[in-house]
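Take a look at the letters that make up each chain.
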Amino acid sequence: MRSVGYVESITILPVGQAPSFSAVLTSAGPGVRATDAGVQQRPARIRLIWLGQRRVPGIDAGIRLGFEGTVFEVDGLPTMYNPRYEIQSLLEN
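Described in the following lines is the structure provided in the data block. (Residues numbered from 1 in each chain as written. Predicted model: local features only at pLDDT ≥ 70, side-chain atom pairs only at ≥ 80, totals over all residues. Heavy atoms only, no water.)

### Focus on the overall build of the protein chain
Argument step 1. From N to C terminus, the protein chain includes zero helices and nine strands.
Argument step 2. Along the protein chain, helices (α) and strands (β) appear in the sequence β-β-β-β-β-β-β-β-β when read from the amino end.
Argument step 3. A total of 93 residues make up the protein chain; the buried ones form 32% of that total.
Argument step 4. Sequence-distant contacts, at least 24 apart, represent 58% of the contacts inside the protein chain between residues at least 6 apart.
Argument step 5. Only carbon and sulfur atoms are counted for the fraction: they give 52% of the accessible area of the protein chain, which is about 6000 Å². (Helix = DSSP H or I, 4+ residues; strand = E, 2+ residues; numbered from the N terminus. Buried < 20%, exposed > 50% of the residue type's maximum accessible area, 1.4 Å probe, protein only. Contact = heavy atoms within 4.5 Å. Areas by Shrake-Rupley, 256 points an atom, 1.4 Å probe, with all protein chains shown as cover.)

### Some remarks on the packing of aromatic side chains
Both the distance between ring centres and the angle between the ring planes are used here to describe each pair of aromatic rings.
Argument step 1. All told, the structure shown has three aromatic pairs when counted by the stated rule.
Argument step 2. Relative to Trp50, the ring of Phe21 has its centre 5.9 Å away and its plane inclined at 45 degrees; by these criteria the two rings are tilted. Of this pair, Phe21 sits in strand β2 (residues 20-26) while Trp50 sits in strand β5 (residues 45-51), and the two are 29 residues apart along the sequence. Assigned by exposure class, Phe21 and Trp50 land together as buried.
Argument step 3. Taken together, a centroid distance of 5.5 Å and an interplanar angle of 80 degrees make the contact between Trp50 and Tyr85 edge-to-face. (Phe/Tyr/Trp six-rings, centres within 6.5 Å; stacked < 30°, edge-to-face > 60°.)

### Considering the nonpolar core
Argument step 1. One finds Val7, Leu25, Leu48, Trp50, Ile59 and Leu65 to be the most contacted residues of the largest nonpolar core, which totals 13 residues.
Argument step 2. Residue assignment for this core shows that the elements contributing at least two residues are β2, β5 and β6 (64-68).
Argument step 3. Setting aside residues up to four positions removed in sequence, Leu65 forms contacts with Ser3, Val4, Gly5, Val7, Leu25, Leu48, Trp50, Ile59, Tyr85, Glu86 and Ile87. (Core = buried A, V, L, I, M, F, W, Y, C linked by side-chain atoms within 4.5 Å.)

### Things to note about the pairing of β5
Argument step 1. Counting buried positions along β5 yields five of seven residues, so the element is predominantly enclosed.
Argument step 2. Taken together, the seven bridges between β2 and β5 define a ladder with antiparallel strand orientation. Bridged to Thr26 within β5 is Arg45.
Argument step 3. In this structure, β5 lies alongside strand β8 (residues 77-81), joined through three bridges in parallel fashion. (Pairing = 2+ DSSP bridges.)

### What about the pattern of salt bridges?
Argument step 1. The full count for this structure, using the stated rule, is four salt bridges.
Argument step 2. Salt-bridge contacts for Arg2 lead to Glu68; the nearest nitrogen and oxygen are separated by 2.7 Å. Linking Arg2 in strand β1 (residues 2-12) with Glu68 in strand β6, this pair joins segments that are 66 residues apart in sequence.
Argument step 3. Looking at Arg2, the relative accessible area reads 65%, which means it is exposed.
Argument step 4. Through salt bridges with shared partners, one network takes in Arg2, Glu68 and Arg84. (Salt bridge = Lys/Arg side-chain N within 4 Å of Asp/Glu carboxyl O.)

Here it is, written out as structure tokens:
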């Protein structure tokens, strides 16, 4: 699957745990609420996890991220492990 989303939150695990960095992305941009005919809709969300990484440079809350990988259902949330990604400018289409 290939998609684009906005980083809603990031999680950095403590030093005592195995290295892992995760980001939850949403289909709606920062501060934007998706609507359909005046009815508020919940934006689509996906969790991206980079195993073996304590931090992924450039990935912070609010950025636009293109990503690609295989999707798994984990704890009720679509999840990708070690996705390919590209940080995108807000000016790109």
